[in-house]
Amino acid sequence: MSDSSLPSLPRVEFWCDLLCPDCRTALDDVRALRERFGDALTVELRHFPLEKHKHAYPAAEAAAEAFEQGLGWEFAEAVLARLEDVERGGAPVLVEIAAAVGVDADEVDTALVDGRHMLWVDADVAEGRAIGVTGTPTYVVAGKRLDGGKSQEGLRERIVELLNG
């Protein structure tokens with residue numbers, strides 16, 4: 001692939017529930033894609049908290065605040081790494097994780113109380129439903145939806161095919 005074609009890569013949307021074990025596994029694919037395509041690839045985290053995970057919605061709100069502060073991916077990866085702790089401990093664990101990755105934990109705590117990112121998360125959920133997202137992880141690449149919630153087998157290869165056109 002020539003350098004001139006790198007900027008034209010389609011964006012990858014990663015529809016994620018931050019308390020989903022399959023999403024934690026899918027991070028390996030996201031990391032591998034970033035390593036392969038570097039800065040030419042934009043991976044956008046889209047929030048799709050599932051009702052079965054009690055603290056998934058607050059985790060998405062906290063992640064939105066972390067993205068506002070420029071540390072969204074670091075926060076998301078840290079939450080996925082500790083999803084069992086978040087499931088048990090809820091908001092206090094999210095605030096603790098925020099502080100550990102350098103996010104202003106007081107702002108995360110306040111955001112969880114004042115709901116400033118609810119519209120962001122709700123908009124993602126509504127858009128996800130509108131395009132047929134039913135579970136996580138789901139990817140959208142070049143207009144194609146790939147459901148990783150059923151099986152992640154071969155997904156990375158399929159994403160690479162779509163990225164390469």
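All of these numbers come straight from a predicted model, not from anything done at the bench.

(A) Quick look at the overall build of the protein chain. Each helix and strand in the protein chain was counted, giving eight helices and four strands. Whereas a compact globule of 165 residues would reach a radius of gyration of roughly 15 Å, the protein chain reaches 16 Å, a difference of no more than 12%. At a minimum sequence separation of 6, the contacts of the protein chain that also span at least 24 residues come to 69%. Of the roughly 8100 Å² of accessible surface on the protein chain, a fraction of 49% belongs to carbon and sulfur atoms. Between the centroid of the 17 positive side chains of the protein chain and the centroid of its 31 negative side chains there is a distance of 6 Å.

(B) Region of the structure containing the packing of aromatic side chains. The final tally for this structure, using the stated rule, is four aromatic pairs. Centroid distance F14 to W73: 6.4 Å. Interplanar angle 20°. Geometry classified as stacked. Of this pair, F14 sits in strand β1 (residues 12-16) while W73 sits in helix α3 (residues 72-81), and the two are 59 residues apart along the sequence. There is no split in this pair, since F14 and W73 are both buried. What links up through ring pairs into an aromatic cluster is the set F14, F67, W73 and Y139. Cation over ring: R34 sits above W73, and NZ or CZ is 4.1 Å from the ring centre.

About the cut-offs
- Residues numbered from 1 in each chain as written.
- Predicted model: local features only at pLDDT ≥ 70, side-chain atom pairs only at ≥ 80, totals over all residues.
- Heavy atoms only, no water.
- Helix = DSSP H or I, 4+ residues; strand = E, 2+ residues; numbered from the N terminus.
- Rg over C-alpha atoms; globule rule 2.2 N^0.38 Å.
- Contact = heavy atoms within 4.5 Å.
- Areas by Shrake-Rupley, 256 points an atom, 1.4 Å probe, with all protein chains shown as cover.
- Lys, Arg positive; Asp, Glu negative; His and termini not counted.
- Charge placed at Lys NZ, Arg CZ, Asp CG, Glu CD.
- Phe/Tyr/Trp six-rings, centres within 6.5 Å; stacked < 30°, edge-to-face > 60°.
- Buried < 20%, exposed > 50% of the residue type's maximum accessible area, 1.4 Å probe, protein only.
- Lys NZ or Arg CZ within 6 Å of the ring centre and 35° of its normal.

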